[in-house]
Every structure is written in C-alpha cells, then in structure tokens.
Amino acid sequence: MAEHAEYKRPLPLPDEETAEYWEGARRHQLIIRRCQDCQYYIHYPKARCPRCRSANVAGSPVSGRGRIYSYSIVHVALAPGFEPPYAVVLVELDEQSDVRILTNLVDCPLDEVRIGMPVEVVYHDVTPETTLPQFRPTRAAEPHRHFQPQPAGNADVAQRPAQPPTREVHG
Amino acid sequence: MRAIEGDACIVGVGHSEISRRSAKSLTALGIEACIAAIDDAGLKPADIDGLGGSSPPNLANMVEGIGIPSLSWCSQGAWPASQGVRAVHEAAMAVKTRACNYALVYRGMAAPRGGGSIAMRVRDGDGPLLMGGPNPAGTSQQWTAPYGGHTILTWLSLWMRRYMHEYDVPRETFGTIAVTCRKHAALNDRAVVRSPITMSDYLSSRWIAEPFCLYDCDFPVDGVAAVIVTGKDRARSLPHTPVGIVCGAAGVGPRPNWEQWDDMRNMGAAYAGAKLWTLAEGLTPADVDVVELYDGFTFLTVQWLEALGFCAPGEAKEFVQAGRLEIGGELPLNTNGGQLSEGRVHGMGLVAEAVLQLMGRCGARQVADARVSVVSNGGGPAGAAILLRAG
Ligand SMILES: [Zn+2]
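Everything quoted here is computed from the prediction, not taken from an experiment.

1. Remarks on the overall build of chain B
Thought 1: For chain B, the count of helices and strands is 13 helices and 12 strands.
Thought 2: Dimensions of chain B, computed from C-alpha atoms along their principal axes, come out at roughly 55 × 50 × 40 Å.
Thought 3: By the burial criterion, 66% of the 391 residues in chain B qualify as buried.
Thought 4: Considering only intrachain contacts with a sequence separation of at least 6, the fraction spanning at least 24 residues in chain B is 74%.
Thought 5: Working note: accessible area of chain B is about 12,500 Å², and carbon and sulfur atoms make up 51% of it.
Thought 6: Side chains of chain B give 33 positive and 38 negative charges; the mean places of these two sets differ by 2 Å.

2. A short note on the packing of aromatic side chains
Thought 1: Going through the model one piece at a time under the given rule, you end up with 14 aromatic pairs over all chains.
Thought 2: Ring centres of tyrosine 163 of chain B and tyrosine 167 of chain B lie 5.5 Å apart, and the angle between their planes is 75°; on these two criteria the pair is classed as edge-to-face. Pair noted here: tyrosine 163 of chain B and tyrosine 167 of chain B are both in helix H4 (residues 152-167), with a separation of four residues, about one helical turn. Comparing tyrosine 163 of chain B with tyrosine 167 of chain B, the two get one shared label, buried.
Thought 3: An aromatic cluster of three or more residues is present, and its members are Trp155, Trp159, Trp258, Trp261 and Tyr271 of chain B.
Thought 4: Above the plane of the ring of tyrosine 69 of chain A lies arginine 100 of chain A, whose end atom (NZ or CZ) is 3.9 Å from the centre.
Thought 5: Stacked on the ring of tyrosine 102 of chain B, the Lys or Arg arginine 234 of chain B has its end atom at 6.0 Å from the ring centre.

3. Some thoughts on the confidence of the model for chain A
Thought 1: Averaged over chain A, the pLDDT score is 84; the fraction of residues at 70 or greater is 79%.
Thought 2: Note on residues 145-171 of chain A: pLDDT under 50 across the span, and 57 contacts to partners over four residues away in sequence or across chains.

4. Here's the deal with the coordination of the zinc ion
All names here are of chain A.
Thought 1: Protein-derived ligands of the zinc ion are Cys35 (SG), Cys38 (SG), Cys49 (SG) and Cys52 (SG), with the metal-ligand distances lying across 2.3 Å.
Thought 2: If you look at the zinc ion, its four donor atoms make angles of 101 to 117° with each other, and the shape they trace is tetrahedral.
Thought 3: If you list the donors of the zinc ion from N- to C-terminus, the spacing comes out as C-x2-C-x10-C-x2-C. Of this pair, cysteine 35 sits in strand E2 (residues 31-35) while cysteine 52 sits in the loop between E2 and strand E3 (57-61), and the two are 17 residues apart along the sequence.

5. Quick look at unusual backbone geometry
Thought 1: Here the residue pair histidine 43 of chain A and tyrosine 44 of chain A is connected by a cis peptide bond, since its omega of 0° sits within 30 degrees of zero.
Thought 2: Along the chain, tyrosine 44 of chain A turns up in the loop between E2 and E3.
Thought 3: Here the amide bond leading from proline 84 of chain A into proline 85 of chain A is cis, since omega sits at 0°, within 30 degrees of zero.
Thought 4: Position of proline 85 of chain A relative to the elements: it lies in the loop between strand E4 (65-74) and strand E5 (86-93).
Thought 5: Positive phi, normally seen in glycine, also occurs at arginine 98 of chain B, with a value near 60°.
Thought 6: Despite not being glycine, histidine 346 of chain B has its phi angle at roughly 55°, a positive value.

6. Structural notes on empty space enclosed by the protein
Thought 1: A complete count under the given rule lists three cavities of 30 Å³ or more for this structure.
Thought 2: Its boundaries defined by the atoms lining it, the second largest cavity holds a volume of some 40 Å³.
Thought 3: Contributing to the lining of the second largest cavity are Tyr21, Trp22, His43, Tyr44, Arg100, Ile101 and Leu102 of chain A together with Trp143 and Tyr147 of chain B.
Thought 4: If you list the elements that add at least two residues to the lining of the second largest cavity, you get helix H2 (19-26) and strand E6 (96-104) of chain A.
Thought 5: At three residues, the largest contribution of residues to the lining of the second largest cavity is made by E6 of chain A.

7. Re the pattern of salt bridges
Thought 1: One pass over the full model with this rule turns up 19 salt bridges over all chains.
Thought 2: One salt bridge in this structure joins aspartate 263 of chain B and arginine 265 of chain B, with 2.8 Å as the shortest N-O distance. Arginine 265 of chain B shares its class with aspartate 263 of chain B; the two are buried.
Thought 3: The structure contains a network of salt bridges with shared partners spanning Glu17, Glu20 and Arg33 of chain A.

What counts and what doesn't
- Residues numbered from 1 in each chain as written.
- Chains lettered and ligands numbered in written order.
- Predicted model: local features only at pLDDT ≥ 70, side-chain atom pairs only at ≥ 80, totals over all residues.
- Heavy atoms only, no water.
- Helix = DSSP H or I, 4+ residues; strand = E, 2+ residues; numbered from the N terminus.
- Buried < 20%, exposed > 50% of the residue type's maximum accessible area, 1.4 Å probe, protein only.
- Contact = heavy atoms within 4.5 Å.
- Areas by Shrake-Rupley, 256 points an atom, 1.4 Å probe, with all protein chains shown as cover.
- Lys, Arg positive; Asp, Glu negative; His and termini not counted.
- Charge placed at Lys NZ, Arg CZ, Asp CG, Glu CD.
- Phe/Tyr/Trp six-rings, centres within 6.5 Å; stacked < 30°, edge-to-face > 60°.
- Lys NZ or Arg CZ within 6 Å of the ring centre and 35° of its normal.
- pLDDT = per-residue confidence, 0-100.
- Donors = N, O, S within 2.8 Å, 3.2 Å for Na, K, Ca; no water.
- Tetrahedral: all angles 85-135°; square planar, octahedral: opposite > 155°, others 65-115°.
- 1 Å grid on protein atoms, 1.4 Å probe; cavity = no way out; pocket = protein on both sides within 12 Å on 5 of 7 lines; lining within 4 Å.
- Points joined across faces, edges and corners; volume = space filled by probe spheres on them.
- Salt bridge = Lys/Arg side-chain N within 4 Å of Asp/Glu carboxyl O.

Structure, rendered in structure tokens:
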C-alpha cells in the first residue's frame, strides 16, 4: 500500500449515475450504460436513453477496444501528480463510435500517438478503493480476459447522430 | 425577419485598467469599468436600472460600488450565458421588452494566482484530490481530472487536433491569427503585449498542450470592460452615435459536452452562426466591415470564421491569410489585438472594440468606413454572436 499512500493525482468521486462505471473498473471490467430497449450505449451515463427515451437502462460490459479519436500532449502542470509531458487521448469505442473515453495513453512513446490508432483498456489499481481504466496500443495477440460478448442485433448503433446544421447552411 | 432586440443599441463603453497583475480586486476593476461606461454614455449611475454580467466581479458589491439605486432587470448568467457577448444580447432583449431602460453589462477576468499561467490549476495540496463536481459544460470532472485532462485547455486541444486531422490544416493557419492580433495590438495602448511576433516565433514557441503552443493561448490579465445598452429612442439625446444590436444568437449542439461532442470539426459556434444570419435583416457576411471573433485560443477564431460563414467549413486554411485579416484588408480581425494581445477580458473586450470601431473612435487602428461588425464569444459546446450596425 505504500505506493497508494503516495498517489497524488485527482481521484474520481462516483455519483448515482457513475457508480456502476467505477465499480466495474474495480473488477477490471469496462461497464458502459446501455439502453435495454434499443441497445444504444449512453455515455456519459444518463437516466434515459437519448435515442428512444426509454428509462430501461443498465450497465453493460464492452470489449475495451477502440481507436484514438483525438489526442493532446500536455506540457504544463495541470494537476497534482502529473509530470509533463503526458498524453491525454479521447478513445472512441469499437462498439459505438460516439462513446468516448478520455484517458491517458500508457505504454506508448508520445511521438507515436496517432488519430485512428487501435487501443485497448488496461486497469490501474491506484488506491485500494479506486481503479482507473487506462488505454494502451492494442496488442493483437493478447486475448481480453474480462470481456463477455453481447448478443448480436445492434449493428446500427455505431451510427453517428445527424450532422449539425452548419453543413447544410454553409456547405 | 426582424429580431426583437433590433432597436436596442450600445451607447457607451468603459474599460478598467488592464494589466498582467493588478493590486486592485476584480470588483474594484469592475466598478472602474462600469463607471467609465456610464460616463462615456453621458449618464449617471442613477439612470442605470438593468445590470447584466457574471461573477466575478461580485455583482452585489458592484451595485453598491457604482451607486445604482435600484434595478428592475438583473441577470447573472451561468454557462453558457456567462461571457460578454451573450450578456449583451440578453441586455438588448431586456431593453426591448422594457424590463429596463438602461442596462449596464460587464465582464472581466483575473489572471490566475499562484504560479499557473494559462492553465486553470486545481489544487497543489497534499494528498489525492477527489473530483466529482461539474465542469462548465454540465458534466463531471470525475471523467477527466484523474487523467490530467480536466481543463478547457486540454479539451480544446483535442478539438483542434481533430479539426487539423479532418481538414489537413497546417499550424500556419493558427499562427496567422496570432501574428495578426499582435500586429494590431501595436496600435492599441490598452494591449498588454504589443511587441510584434513573426510566424517563425509562433512555430518555435513552446508547447502548452499540443497542438496548442504558447501563442495560441490568450493572455491572462486583470481587467474588466463594460457597455451600456438602451433603446434607440433614448439614444438620440446621448453623446455618441449609437451602435445598433441588429440581432444575436447563441448556439448549443445535441451533445453539449467537451469530450462527447459528436463532431469536432465544429463547435456550438456553428449553431449560433447559422441562427444569426436568419435574423440579420438581409445583412450577410459580405456586408461585414470588421470582425471581433473570440480568441481565447487561435483555434476558436478559426472556428468562428467558418461558423459565421466567412468561409465554408474546412476552408479556413485557405481563407486565413495575413493581408485579408489585417486593418486595411478585406476583413479586419480583432483590431484591438484580441484576447491574444489586449488580454483576456472574456469576450467583453471584443464587444467594446467593435463598438468603438463602429463609433469611429479607434484612432490609429480605425477601420475606414466601418459600419457593420460581428462579435463572437465562446468555444466548444456553446457559443454566442451578435451583429452590430453603426447608427
Ligand atoms: Zn434506447
């Protein structure tokens, strides 16, 4: 526990909507809230499905695989415990591209970070109470130990919402 | 279509001292700017019956400090209404609906204390910091702070990287904004940084959060700006030619969140820009003589040029050319030096500059025959813009 006592970075403070995510992380599972009626993943978690308005929502395990949607290399001190430079990346999940997870990129030199890079979750147990999902470049040969496959039938859920009006107005 | 706020106008402008670090409180600076605006409009504090703005500066202290006897309209907006442009738009609607006769609108910012420069620091304390509270876009810092990615600096650097990737935009596009603003600042006594920079300076400046370098980030200052909004009928007896608020618009998209925004090629600005021109009484981007577009980061200014239709989405990399955006060019931009050089007065400095341009009071940096201007404010999930016309 000695290294935990030294942990200086900000820790998440779960609330009613997010407890399932952080409890899943402690079990080394990535749990994303999902509409049980239309199968849409709802992230950040909300009480109702933004697509069909159903209140029948529940946490659902996902593969933990995705791609980098965008990234930043931070060179200034923004928070305790972070030694710049470090990478902040937005991962879009394979299950549904508009589910994004802001994370660091670990096990990757900063000059190799690219948009579109395949990544996978790893779990960092940072204190006895808190586990942070982090992402690293995908290691193709390594099976995912924690992923429970979901039933088929949701092939359309990866579609993005409609484009904002500016594309039509000015395009 | 005529916007309800169409006959509201701005009749006075005031600034506090703007500096890198003032010995005065932000409230003291706010009072200074507000009294200057009241004087500039030829009014007395007792004439003011509407007050818009946001804390800080502290609004209660402002009322007493200025000596306003009573208010019939008061708005202290939170996100996304917190910044200068949106507050001026609200004041125009308040005047037009007769909620008040003379609205005083202010906004200011203090430079971060305690060593940080651009970044908003959380805490340098001992021990872990629990983060559950809301961020300005209505979600929770628990998703971002544990990863050191919880500030507008990091969120917008992600947006900028994606925009550059989608449209193959070179760094020089953003550098041109920085170099142009600094060139204009040399003509503005109020600007806190006035020495010119070159593209080479821009490209070699230190990284803050890639792709943001130092010169992409606005300059933190202690300062407040204020304006007076009233109706055209009341404006006739006042000293300055009024500047009409033709219309205003705010925009927020369907996923108003910094990380989950669906398409980072654009921002809430796109929604505000699209709405603005539907209310513009026939005016179009081609009628605009001078623009004061939000430059908390150079990236935001580039986004606003596209959002407001000065160029098509993705075409800013061709449109942003130094000659075009300089005073004397086709579309002079941020003629006071913007927040990049005058300093971060959170949108209200840009409002004040647009008004002074349309009143013809800008001296060495005056845009010839400036009649129509757009001012914008905000970045990421929310934005607001107003269209102004002289006379
Ligand atoms: Zn649903």
